Structure formats: structure tokens, C-alpha cells
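# Observations on the model geometry
Next come the chains, spelled out residue by residue.
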Amino acid sequence: AVLKAVARMGNLMPSSNDDLYMTDKLIADAEDFRTKSYATIIAWGASKEAYENFINNEVPLHFGNFERQLKENGGEYFVVKDRLTIADVAVYDAVVSFGANRAPDDCLDKFPSLAQWIKRVESDPGIVSYHASDKYANLMKFGKE
């Protein structure tokens with residue numbers, strides 16, 4: 001609820017019912033991936049085997065799903081073809097913070113549309129500003145185990 005309220009305030013919500021449905025679906029997909037990731041953080045008690053299974057199986061499975069959905073929408077952004085929405089922000093956080101940052105550097109090589117989309121999101125002025133902020137600098141970040 002908070003995520004969607006903030007999205008409305010920041011003009012990051014789409015307007016059509018179909019786009020709102022897809023937004024909800026993508027937010028849920030991102031949360032599914034995040035949940036899988038949390039369960040494999042070695043510092044929080046996960047085994048090395050759980051981490052390796054996540055990297056070798058869950059990351060490619062979920063990245064492939066996101067890649068497919070991105071391509072189905074034309075490849076620029078999720079949901080709305082020509083602008084960032086809250087779905088993009090949610091998926092970006094999951095893919096980068098809980099996937100790519102924890103996986104080998106080549107983890108996006110098989111997902112070129114997703115890799116290009118990450119660059120597009122990271123070039124958005126609002127994202128650039130946030131990444132340059134003290135708020136972002138002070139966040140705990142996940143890395144390779």
C-alpha cells in the first residue's frame with residue numbers, strides 16, 4: 001500500500017486497468033524474487049548450497065521471466081512503453097539489489113534486454129539523483145557472498 005501511495009505521489013502509476021494489473025503482477029514477481037534471495041543470504045544463516053542454488057537456478061529463472069515480460073512490452077520499460085513506473089522501480093530493486101549485485105559479473109549476459117533496461121532505469125534523472133544522495137549511500141547493500 002505504501003509503495004503504491006508513493007507511486008501515485010510521484011506520478012509513477014499507470015492509468016489503465018490493464019496497466020494497473022500488470023503493475024501489481026510485476027511488483028509481486030519482484031517480491032517473489034526478493035523472498036528467494038533473502039533465504040539465501042549466508043550472513044543471515046543460509047547455507048552455501050542454498051546460495052549457490054539461488055545463483056545457479058533462481059537468478060536465471062527470474063531474470064529470464066523479467067526479460068520475457070520486458071520484451072513482450074516492447075523492451076523500453078515494463079508496463080508503460082515510454083516511461084518509468086513503479087513496476088520498473090520495484091523490479092529494478094529486486095534484480096539489481098537482490099540478484100545482480102549478489103551474482104557473478106556475467107549474470108546478465110544471457111539477458112541483454114534486461115541489462116539495457118537496467119542502464120535505462122539508472123539514467124532516469126530521479127534515479128540518478130537518488131543514487132547520488134546520502135540516503136542511498138547509507139543503505140546496507142548486498143554483495144557477493
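Residues numbered from 1 in each chain as written. Predicted model: local features only at pLDDT ≥ 70, side-chain atom pairs only at ≥ 80, totals over all residues. Heavy atoms only, no water.

On the surface, a cluster of nonpolar side chains totalling about 370 Å² of accessible area is made up of Y38, W44 and M140. The exposure class assigned to M140 is exposed, which follows from its relative accessible area of 59%. (Patch = residues over 30% accessible without salt bridge, like charges linked within 9 Å, V, L, I, M, F, W, Y side chains within 5 Å. Areas by Shrake-Rupley, 256 points an atom, 1.4 Å probe, with all protein chains shown as cover. Salt bridge = Lys/Arg side-chain N within 4 Å of Asp/Glu carboxyl O. Buried < 20%, exposed > 50% of the residue type's maximum accessible area, 1.4 Å probe, protein only.)

The next subject is the packing of aromatic side chains. Tallied over the full model, the rule gives nine aromatic pairs. Aromatic pair Y130 and Y136: ring centres 5.4 Å apart, planes at 65°, arrangement edge-to-face. Taking relative accessible area as the criterion, Y136 reaches 24% and is therefore assigned partly exposed. The positively charged end of R120 is found above the aromatic ring belonging to Y77, 5.8 Å away from the centroid. (Phe/Tyr/Trp six-rings, centres within 6.5 Å; stacked < 30°, edge-to-face > 60°. Lys NZ or Arg CZ within 6 Å of the ring centre and 35° of its normal.)

On to the confidence of the model for the protein, then. Here the protein averages 88 in pLDDT, and 93% of its residues register 70 or above. Within the protein, the element-level pLDDT minimum falls on helix α1 (residues 2–9), averaging 68, and the maximum on helix α3 (residues 48–72), averaging 95. (pLDDT = per-residue confidence, 0-100. Helix = DSSP H or I, 4+ residues; strand = E, 2+ residues; numbered from the N terminus.)

Helix length check: α3, at 25 residues, gives a terminal C-alpha distance of 35 Å against a target of 36 Å (1.5 Å per residue), a fit within 8%. Helix geometry: α3 is bent most strongly at F54, by close to 35°. Burial in α3 covers these residues: Y51, F54, I55, E58, V59, H62, F63, F66, E67, Q69 and L70. If you follow the buried residues of α3, they end up packed against α2 (17–38), α4 (86–100) and α5 (112–122). Downstream of α3 by a residue or two, G74 has a phi angle that is positive, lying close to 105°. (Expected span 1.5 Å × (residues − 1). Bend = angle between axes of the 7 residues up to and from the residue. Contact = heavy atoms within 4.5 Å.)

With respect to the secondary-structure elements, D29 resides in helix α2. Judged by its relative accessible area of 13%, D29 falls in the buried class. Considered as a pair, D29 and G99 are 70 residues apart in the sequence and their alpha carbons are 13 Å apart. Those residues within four positions of D29 in sequence are excluded, and the remaining contacts are N65, F66 and Q69.

Let us look at the side chain of T85. Mapped onto the fold, T85 is located in the loop between α3 and α4. In this structure T85 comes out as buried when scored by relative accessible area, which is 0%. Leave out the neighbours within four places in its chain, and T85 touches L12, P14, F78, V79 and V80.

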